[in-house]
Amino acid sequence: MRFPAAAWGVPGVPRFPPRSDPPPEPMTNATAASAAHSSAQDKGAPVAHAQMANAIRALAMDAVQAANSGHPGAPMGMADLATVLFSRHISYDAEAPDWPDRDRFVLSNGHASMLLYAVRYLVGTPSMTLDDVKSFRQLGSHTPGHPEHDLARGIETTTGPLGQGIANAVGMAIAERMMAAKFGEALVDHTTWVFAGDGCLMEGISHEAASLAGHLRLGKLAVLFDDNRISIDGATSLSVSDDQLARFASYGWDVQACNGHDPEAIDAALIAAKASDRPSLIACRTIIGYGAPNKQGTAATHGAPLGKEEVAAARETLGWPHEPFVVPDDVLAAWRAAGARGAKARRAWQGRLRDVGKEVADEFRRTVAGKPAPQLAAALAAHKAKLAADKPALSTRAASRAALAAIAPAMPELVGGSADLTESNLTHVAGLNPVKAGDFAGRYVYFGVREHAMAAAMNGMALHGGMVPYGGTFLVFTDYCRPSIRLAALMALRVIYVMTHDSIGLGEDGPTHQPVEHLAALRAIPGLAVFRPADALETAECWELALARSGPSVLALTRQAVPAQRDDAAVNRSAAGAYVLAGDDAPRDATILATGSEVALAMEARAALAKDGIAAAVVSMPSHELFAALGPRKRAAILGRAPRIAVEAAVPFGWARWGVDEETMIAMRSFGASGPAGKVYEHFGITAAAVADAVRKRVRRKKH
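To keep things clear, this report deals only with the structure shown in the data block. Per-chain numbering applies: the sequence of each chain, read as written, is numbered from 1 onward. Reporting in this predicted model follows two pLDDT cut-offs: at least 70 for local features of residues, and 80 or more for side-chain atom pairs to be given and counted; totals over whole chains, interfaces and linings ignore these cut-offs and use all residues. Each side-chain value is derived from all of the structure's non-hydrogen atoms; neither hydrogens nor water enter the calculation.

Burial in helix α12 (residues 329–339) covers these residues: Val-331, Leu-332, Ala-334, Trp-335, Ala-338 and Gly-339. Projection of α12 onto a plane perpendicular to its axis shows the buried side chains occupying an angular sector of 155°, all on one side. Note on definitions: a residue-residue contact is assigned when non-hydrogen atoms from the two residues lie within 4.5 Å. Each helix corresponds to a stretch of at least 4 residues labelled H or I by DSSP, and each strand to a stretch of at least 2 residues labelled E; elements are numbered beginning at the N terminus. Of the surrounding elements, those touching the buried residues of α12 are α2 (49–67), α3 (73–89) and α4 (113–122). Note on classification: 1.4 Å probe, protein chains only; a residue is buried when its accessible area is under 20% of the maximum for its type, exposed when over 50%, partly exposed between these limits. This arc is taken over the directions from the axis of the helix to the C-beta atoms.

Looking now at the sheet that holds strand β21 (residues 616–620). A pair of strands is treated as paired once DSSP finds two or more bridges between them. An order of β19-β21-β20-β22 is seen for the four strands of this open sheet, with the pairing classed as mixed. Looking along the sheet, the strands with just one partner apiece sit at the ends: β19 (579–582) and β22 (644–647). Averaged over all adjacent pairs, the angle separating strand axes in this sheet is 35°, with direction ignored. Sheet topology note: the strand β20 (residues 590–594)/β21 ladder contains five bridges and is parallel. Among the inter-strand pairings, Ala-590 is bridged to a residue of β21, identified as Ala-616. Convention adopted: a line fitted to C-alpha atoms gives each axis, helices being fitted over their contacting stretch, and angles between N-to-C directions are expressed from 0 to 180 degrees.

Geometrically, a pair of aromatic rings is defined through the distance of the ring centres and the angle of the planes. Two rings belonging to Phe, Tyr or Trp (six-membered ring only in the last case) form a pair when the distance between their centres is within 6.5 Å. Interplanar angles under 30 degrees mark stacking, angles over 60 mark edge-to-face geometry, and anything in between is tilted. According to the stated counting rule, one finds 14 aromatic pairs in the structure shown. Centre to centre, the rings of Trp-99 and Trp-349 are 6.5 Å apart; their planes meet at 70°, and the pair counts as edge-to-face. Residue Trp-99 is found in the loop between α3 and β2 (104–107), and its partner Trp-349 is found in helix α13 (residues 343–355); the two are separated by 250 residues along the sequence. Take Trp-99 and Trp-349: they sit in the same class, and that class is buried. One aromatic cluster in this structure is built from Phe-86, Tyr-92, Phe-105 and Phe-195.

The six strands are arranged β13-β12-β14-β15-β17-β16 in an open sheet whose pairing can be described as parallel. Two strands close off the open sheet at either side, each with one partner strand: β13 (444–446) and β16 (529–531). The mean angle between the axes of side-by-side strands here comes to 20°, regardless of whether they run parallel or antiparallel. Relative to strand β14 (residues 468–474), strand β12 (residues 414–418) runs parallel, the two being bridged by three bridges. Pairing of Leu-414 across the sheet is with Val-468, part of β14. Across the sheet, helix α19 (residues 478–491) is in contact with β14 and β15 (496–500); its angle to β15 comes to roughly 160°.

Assignment of secondary structure puts Ala-649 in the loop between β22 and α25 (677–683). A relative accessible area of 1% means that Ala-649 is categorised as buried. Here Ala-649 is in contact with Ser-503, Ile-504, Pro-515, Arg-532, Glu-598, Met-668, Tyr-681 and Ile-686, once residues within four sequence places are set aside.

What is shown is where atoms sit, not what they do.
Structure, rendered in structure tokens:
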């Protein structure tokens, strides 16, 4: 049943089916036998569709039962959708899960991961074995509860936090169109398919992502909505009554509804989705736990094993008499044939890659592999040398824009954007034309006021491959981005968050916009590098380091101008995470640690202390994470043995690891205040004088 977006609200055109429309018929012994018979001739397949789908159901309920943990209901309910998609539509070759022009498949309702594991084993993905399926949710296995990303095993991404997968898929679909515009559809022409549940659509991120996808008319994006109307608490009618088809139609999507257990209805819906020039939502009415006779259609199948008795009853109902984890040879052969279906298309694509010429083919391979742009190192070296010579006093957000102006021409895979703060974040530079519906040749995405979707879409772009995304907003709004930042760290994705207005130094906008706890919160995320550069040269160095990482980075940048601190550009001193900026040439009475704009305060304090005969070294610490990775001996040489005082316009939490007394650290201990930046700094006692006084007290205490 198809409902074109243009039909919504037009007199005389039927409205979308209400949420009370009847569900498909529950699975019984009789319907199982009938389905197996009627499906036997589907598309000429030698094995019935029902038996192929039941292989997924059996592996899912067996693995969950063996683990005594997991979610059998969604895999059993979506088995028909997966069977039709993977046996008839999705373009992939199981032997080559990293083929660049494969269709992408995202399991947004990632708790249904056993569906994906079952399919990847059944189609013959070399690195997904039956032993892996049997080891579901076991420590060290390749089949964890929520796998997130494992391309070798065919896992593009299966997000644990609901809704993230939809937004990741939007990023993938944007990346696909941008890569197609750059290299041509002979090399890049594939669809991003998504399975999503009621929970995914309830999460707010789905609104932001779907709105953006509709605006950009991402016709190569199709979401199959597992409309089973069950959540953990019970029926979704307890908490939601949205008309999802109307909602997505309002975004400009093509919308359809179908019986999610009728293979021919599913097939027709997927054909229509592929023909649309808009993103597609297909509401597939399913029964959760389909085939479990006493629990199907209830929340009891959602997040717990079915139990031995119900598994046995499901086997009888499904007409599946085989032992646990046993798939009959003919059924497995049918699935393996489905897995090999795309081999011919892949070979044809390889021929097209050869035909485009060596220069284009080499550049395509380089960008997909994520290898450095050959001109990048020279471009950055020239830029840093100029900064060392000129010593400009810039805000670090302006220094970031200057770095981008040098990087972007030398790194064509760099793709930028901002959440409606382009002129505040200074994330746009010449040559980065906007990405628009129908024109994806640009390199800059105007994400609108959609921080959640921006961060998750950037993850999708990185997962897709062929580009390095960066996006900007205010540092305080990392609260909106944090789930995606965490997932980027978990998946080790090279994405760069340009987060400006990094402290009380933004001034008049006041405490709602002044981040005080955010640096500590971000530094707590494993695998995330947080950079807070002190001047223009450090900013360029931090960009260089972020681009070279295999994980995500946050650049925390000032609104206010800061003085240049260095004139040496030959070595990237920020690569150590911290270094002695001044005072390394004599014995120390004290060491002042600082980041970002407060490095200038530390240098002022050092000069004042020198007049008192106190020798203070200043350590600039642009990245705690890189410094922690340096090794204890090198860290000790930088920190020295003298008393340590730290200054940062943020809460002191986390500084104790560097031998700093957090109680006496010059830092924030409350939210900020509205006023001119200089006055706000004075109000909270974050000044050079305060730093110098703290050093004097520590030195006197040591002497006595």
